[in-house]
Amino acid sequence: MNTITLLTSSSSLQNGYCYCSSLARAKASLDSNEKSYCVNDNEKNNGFLKRREALVSGVSLVSSTVLMGSFPSPGLAVIKQGLLAGRVPGLSDPDEQGWRTYKRPDAKSGGHGVGWSPIIPYTFSVPEGWEEVPVSIADLGGTEIDLRFANSQEGRLFVIVAPVLRFSSNLGDDVNIEMVGTPDKVISAFGPEVTGENVEGKVLSTVVAEHEGRKYYQYELESPHVLMSTTAAGNRLYVFAVTANGLQWRKHYQDLKRISTSFRVV
């Protein structure tokens with residue numbers, strides 16, 4: 001049985017690292033005047049490796065500016081998808097309305113640290129035209145960014161899968177969202193990471209919804225326009241965020257809302 005409770009209503013990456021090494025080497029020509037060249041990739045990648053070392057040594061796992069930053073173009077995403085180990089297709093065929101359901105594949109890599117149990121799968125629905133955007137090891141959002149999707153005309157979304165240890169060290173391995181905290185506590189903790197700024201006074205509505213015994217905190221935030229759905233399962237907190245610019249928000253609000261409320265951890 002699904003229940004929805006309205007609590008409040010108030011007014012108020014990315015450069016996904018693509019390791020494209022120059023494998024092509026020109027074969028020696030019979031013409032002695034032709035020369036072959038071999039591109040040195042070490043020099044090209046040196047800057048990135050230094051940047052990654054800096055990230056590992058000192059940068060926060062979740063960068064709000066990256067979460068709200070621009071995505072690669074769809075064409076670039078298609079080129080990169082085969083080169084990223086963590087990207088496994090999970091979209092169903094379109095239904096009668098043209099919507100497709102994504103389910104996190106069991107084979108998708110990720111675990112967010114040694115000792116963590118496998119990630120409990122999640123699902124959501126998107127209209128035709130939304131596609132997965134690669135998340136690479138260079139993403140400043142770190143390993144807590146599990147997935148990105150985007151449609152250049154309608155908006156974008158991402159999923160954060162974070163350890164509940166961020167909130168408490170004694171919650172155990174079978175956590176629900178109410179154990180993590182109240183709706184106000186959760187949005188205060190993750191809202192700034194999603195929007196890039198303090199969310200105080202910008203939460204337009206908060207809803208507690210229950211689906212198949214699991215509760216979800218659902219939020220709508222004003223500019224920047226964000227719809228969030230959060231829940232907890234196992235030893236992780238799941239944050240599903242749908243964002244859009246002003247024009248996208250006005251034209252596609254109903255679809256964005258439907259995407260946001262479709263999120264489930266299964």
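Calculation rules
- Residues numbered from 1 in each chain as written.
- Predicted model: local features only at pLDDT ≥ 70, side-chain atom pairs only at ≥ 80, totals over all residues.
- Heavy atoms only, no water.
- Salt bridge = Lys/Arg side-chain N within 4 Å of Asp/Glu carboxyl O.
- Helix = DSSP H or I, 4+ residues; strand = E, 2+ residues; numbered from the N terminus.
- Buried < 20%, exposed > 50% of the residue type's maximum accessible area, 1.4 Å probe, protein only.
- Bend = angle between axes of the 7 residues up to and from the residue.
- Polar contact = N/O pair within 3.5 Å; in protein donor to acceptor, adjacent residues only side chain to side chain.
- Core = buried A, V, L, I, M, F, W, Y, C linked by side-chain atoms within 4.5 Å.
- Contact = heavy atoms within 4.5 Å.

J.: Give me the lowdown on the pattern of salt bridges, citing residues and values where you can.
T.: Tallied over the entire structure, the rule returns eight salt bridges. For Glu144, the salt bridge identified is with Arg166, shortest N-O distance 2.9 Å. Taken as a pair, Glu144 in the loop between β4 (131-133) and β5 (145-151) and Arg166 in the loop between β6 (155-163) and α4 (177-180) lie far apart in primary sequence, 22 residues in all. Taking relative accessible area as the criterion, Glu144 reaches 5% and is therefore assigned buried. Using a relative accessible area of 37% as the deciding quantity, one classes Arg166 as partly exposed. One salt bridge in this structure joins Lys202 and Glu197, with 2.1 Å as the shortest N-O distance. Among the residues examined, Lys202 registers a relative accessible area of 24% and is labelled partly exposed.

J.: Which residues make up helix α6 (residues 246-261), and what values go with them?
T.: Maximum bend of α6: about 85 degrees, positioned at His252. Listed in full, the buried residues belonging to α6 are Gln248, Trp249, His252, Leu256, Ile259 and Ser260. With a side-chain oxygen lying 3.2 Å from the backbone nitrogen of Leu247, the N-terminal cap of α6 falls on Asn245.

J.: Just give me the short version of the nonpolar core, but keep the residues and values in it.
T.: In terms of nonpolar packing, the biggest core is built from 26 residues, with Val180, Phe190, Tyr219, Met228 and Leu237 touching the most fellow members. Listed by contribution, the elements that provide at least two residues to this core are β6, α4, α5 (183-195), β7 (203-211), β8 (214-221), β9 (225-233) and β10 (236-244). Considering each element in turn, this core owes the most residues, four residues, to α5. Here Met228 is in contact with Ile187, Phe190, Val194, Tyr217, Gln218, Tyr219, Val239, Phe240, Ala241 and Ser260, once residues within four sequence places are set aside. By size, the runner-up hydrophobic cluster in this structure holds 24 residues, among which are Trp130, Leu147, Val159 and Ala244.

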